[in-house]
Each structure stands twice: as structure tokens, then as C-alpha cells.
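Chain by chain, the residues:
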Amino acid sequence: MLDKLIALNADCAAALDDDRLEDWPGYFTEDAFYRVTTAQNHARGLPAGLIYADSRQMLRDRVLSLRKANVYEAQRYRHLLSVPRLRGEAGGRMQVETGFAVLRIVRGGATDIFASGRYLDEVVAGPDGQLLLQRRDVVCDSSRIDTLLAIPL
């Protein structure tokens, strides 16, 4: 199972890193939940997120907005991921934690550490046995989030 969790995280990150944003929502269930928040807000149980979606369609809308409407500096990401850690399993749902660091490469070629933190995921098996994200809370270590957070983490 660990190999499938590693592949899910690697494939999901590669979709973002390779600018295949339209593929990214496909790693989530139709009724998925996705949120980017800070460690402080997560610890306090605050529900608001810097990015928030409660369905795969909202994730698709975010991608469409990035492609057609939003104006932001040209950039790309490179994800560095830890090995996923299974935190629990019940009712066909796995609770998984994975550490991440995201490097951001901007138009001029500079590379910065953009974000670090952990993914708190709820993972389920799809109809074909493929693992899908039912829920992903992206919990950033820092409370200082760059205003250029356009592309999902």
C-alpha cells in the first residue's frame, strides 16, 4: 500500500510541477475537500483556508481561473516530498501524513523555498482501485504566506 501512496503523492505533485494543472483535480474524488492553511490556524481548528474547495469541480474551476482570469507572475514549482506515513485506517479510508517542501522558480530563474509543511490526507480507493484524495489539508509551517500563492500546493 505504501507504494501506491507514494505514487499518488508523486503523480499529484508532478501534475503541478509540470504545469499539467488540468490533470491535478483527477487525483481527487468528486466530493473532495482541499484546503491550504497555516499550522497555527489548523491547531486552533479554524476552518478558513488560503485556498479552499469542497468538490473536484471547485478544483477544476480554480485551474480554469488560473488559466483564463488570474494575473500572476510566471512561476513554477518543484515539490520535495517525504515518505507518506499511515496514521490510521477505518471504513476504507486511510489517514495519511506527508511532509513537503515546495520550491518556487520565478521568471528570472531565481529559486526560493516557497512553502513547507505537511499534507494531512484522507485517501480512498476509487472504483478502479486507484487511490484518490478524499480530503487534503495542506498545513503550512509558516504563518507568513506569500501573496503569490496562485498555484495549489
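First, a word on what this report is: a plain description of the structure on this page. This one's a predicted model, so the numbers in the text were calculated from it and none came from an experiment. (Residues numbered from 1 in each chain as written. Predicted model: local features only at pLDDT ≥ 70, side-chain atom pairs only at ≥ 80, totals over all residues. Heavy atoms only, no water.)

## Topic: the packing of aromatic side chains
So, step 1. Applying the stated criterion across every chain, the model contains six aromatic pairs.
So, step 2. Each ring, one from W24 and one from F28, has its centre 5.2 Å from the other, and the planes form 70°; the classification is edge-to-face. A single burial state applies to W24 and to F28, both of which are buried.
So, step 3. Ring geometry for W24 and Y34: centres 5.1 Å apart, planes at 85°, overall edge-to-face. Separated by ten residues along the polypeptide, W24 in the loop between helix 1 (2–17) and strand 1 (28–38) and Y34 in strand 1 bring together distant segments of the chain. (Phe/Tyr/Trp six-rings, centres within 6.5 Å; stacked < 30°, edge-to-face > 60°. Buried < 20%, exposed > 50% of the residue type's maximum accessible area, 1.4 Å probe, protein only. Helix = DSSP H or I, 4+ residues; strand = E, 2+ residues; numbered from the N terminus.)

## Let's talk about the nonpolar core
So, step 1. If you look at the biggest cluster of nonpolar residues, it comprises 34 residues, and the most contacted ones within it are W24, F28, Y34, V36, V123, V138 and L153.
So, step 2. At the level of elements, helix 1, strand 1, strand 2 (51–53), helix 3 (56–68), strand 5 (93–106), strand 6 (111–125) and strand 7 (131–140) are the ones that each hand at least two residues to this core.
So, step 3. It is helix 1 that contributes the most residues to this core, five residues altogether.
So, step 4. Apart from the residues within four sequence positions on either side, V123 is in contact with L5, L8, G92, R93, M94, V96, L131, L132 and L133. (Core = buried A, V, L, I, M, F, W, Y, C linked by side-chain atoms within 4.5 Å. Contact = heavy atoms within 4.5 Å.)

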